[in-house]
Amino acid sequence: MVVVFLGPPGVGKGTQGAMLAEALDWDRLATGDLLREARRRGTELGRQAEEYMDAGELVPDSLIVAMVRERLEAMPARRGVLFDGFPRTLPQAEALDEVLPEVDRKVDAVVLLEAPDEVLHKRISGRRHSPESGRVYNIYFDPPEQEGICDEAGTPLVHREDDHPDTVTRRLEVYRELTEPLVDFYDASPAPVLRIDGNQEMDEVQASIRQALDEALDLGAKRE
Ligand code: AMP
């Protein structure tokens with residue numbers, strides 16, 4: 001089973017994708033996380049991606065497709081895969097359709113998360129994370145007890161470079177221009193596109209996704 005999570009930055013793809021992958025015991029392939037990991041490790045890919053990421057631009061398709069292909073080939077064939085943040089352009093979606101049959105898979109469904117721009121802005125620019133505990137806060141919706149300090153680790157919170165307001169505006173523009181056309185691409189494909197309101201409480205969004213996927217793909221047997 002392969003499910004693609006589509007939606008603008010800040011809509012909750014990461015959070016919702018991680019919750020779903022955990023509940024279904026699926027693998028999650030999040031290209032943004034893989035790129036940040038490559039940067040932390042100082043690899044060649046990390047160095048190549050750095051400038052694009054900090055400017056809110058997309059990393060070139062060829063680098064992304066090679067990275068995804070390598071990951072996909074290493075994944076156990078029987079487990080479901082959830083793509084988060086990939087594909088993000090038409091060439092990436094076309095490349096995915098070429099790569100998946102090589103590993104005996106296809107896109108089975110697309111989850112499209114949506115929310116108004118002002119909500120996305122606040123969610124992203126308010127986001128802070130703790131490198132030590134891994135916990136993510138939001139200064140508007142879910143602040144730490146002491147400003148700027150992680151409740152668990154007691155160390156300073158970090159503001160991702162590409163979560164600063166100017167870059168957020170650019171990331172939303174890039175989404176509308178390059179990623180949103182994928183909705184039409186998938187609407188014209190055999191995979192159902194499941195439209196989910198991302199502007200609800202976290203648990204409600206998750207429940208909506210589970211219900212829509214259950215109806216579309218009969219996941220009943222795979223529940224925990
Ligand atoms: P994310 O964590 O998904 O918001 O991704 C953070 C940044 O990584 C994006 O703004 C892009 O610069 C880069 N990135 C992640 N996934 C992709 C992708 N599929 N194609 C191109 N760039 C990507």
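Residues numbered from 1 in each chain as written. Predicted model: local features only at pLDDT ≥ 70, side-chain atom pairs only at ≥ 80, totals over all residues. Heavy atoms only, no water.

Chemist: Hey, could you run me through the pattern of salt bridges in this one?
Modeler: Pairs can form between side chains of opposite charge whenever their charged atoms are close. Evaluated as defined, the whole model comprises 22 salt bridges. For Asp-163, the salt bridge goes to Arg-160, with nearest N and O atoms at 4.0 Å. When its relative accessible area of 1% is taken as the criterion, Asp-163 is described as buried. Judged by relative accessible area, Arg-160 falls into the buried class, the value being 18%. Across the pair Arg-171 and Asp-162 runs a salt bridge, and its minimum N-O distance is 3.9 Å. As far as burial versus exposure is concerned, Arg-171 and Asp-162 are alike and both buried. In this structure, a network of salt bridges that share partners links the residues Arg-127, Arg-160, Asp-162, Asp-163 and Arg-171. (Salt bridge = Lys/Arg side-chain N within 4 Å of Asp/Glu carboxyl O. Buried < 20%, exposed > 50% of the residue type's maximum accessible area, 1.4 Å probe, protein only.)

Chemist: Please clarify how the site of the ligand should be interpreted in this entry.
Modeler: Lining the immediate environment of the ligand, one finds 16 residues, of which Thr-31, Arg-36, Glu-57, Gly-85 and Gln-92 sit closest. Measuring from a nitrogen atom of the ligand, one finds a side-chain N or O atom of Gln-92 at 2.9 Å. Within the complex, the protein chains bury 94% of what would otherwise be the 480 Å² of accessible surface of the ligand. Element by element, the count of residues in the shell around the ligand is highest for helix H2 (residues 31-41), at 4 residues. Tallied by class, residues from the shell around the ligand come to 6 nonpolar, 4 polar and 6 charged. (Near = heavy atom within 4 Å. Polar contact = N/O pair within 3.5 Å; in protein donor to acceptor, adjacent residues only side chain to side chain. Areas by Shrake-Rupley, 256 points an atom, 1.4 Å probe, with all protein chains shown as cover. Helix = DSSP H or I, 4+ residues; strand = E, 2+ residues; numbered from the N terminus. Nonpolar A, V, L, I, M, F, W, Y, C, P; charged D, E, K, R; others polar.)

Chemist: Any chance you could explain the pairing of strand E1 (residues 2-6) here in plain terms?
Modeler: Along any regular strand, the residues point their side chains to alternate faces of the sheet. The element E1 is largely enclosed, with a buried count of 5 among its 5 residues. Of the two faces of E1, the one holding Val-2, Val-4 and Leu-6 and the one holding Val-3 and Phe-5 are both buried throughout. Sheet analysis places E1 next to strand E3 (residues 81-84), joined by 4 bridges and oriented parallel. Residue pairing in the sheet places Phe-5 in a bridge with Asp-84 of E3. Bridge analysis of E1 against strand E4 (residues 109-114) gives 4 bridges, and the strand direction is parallel. Residue Leu-6 lies in a different strand from E4, and its bridge partner there is Leu-112. (Pairing = 2+ DSSP bridges.)

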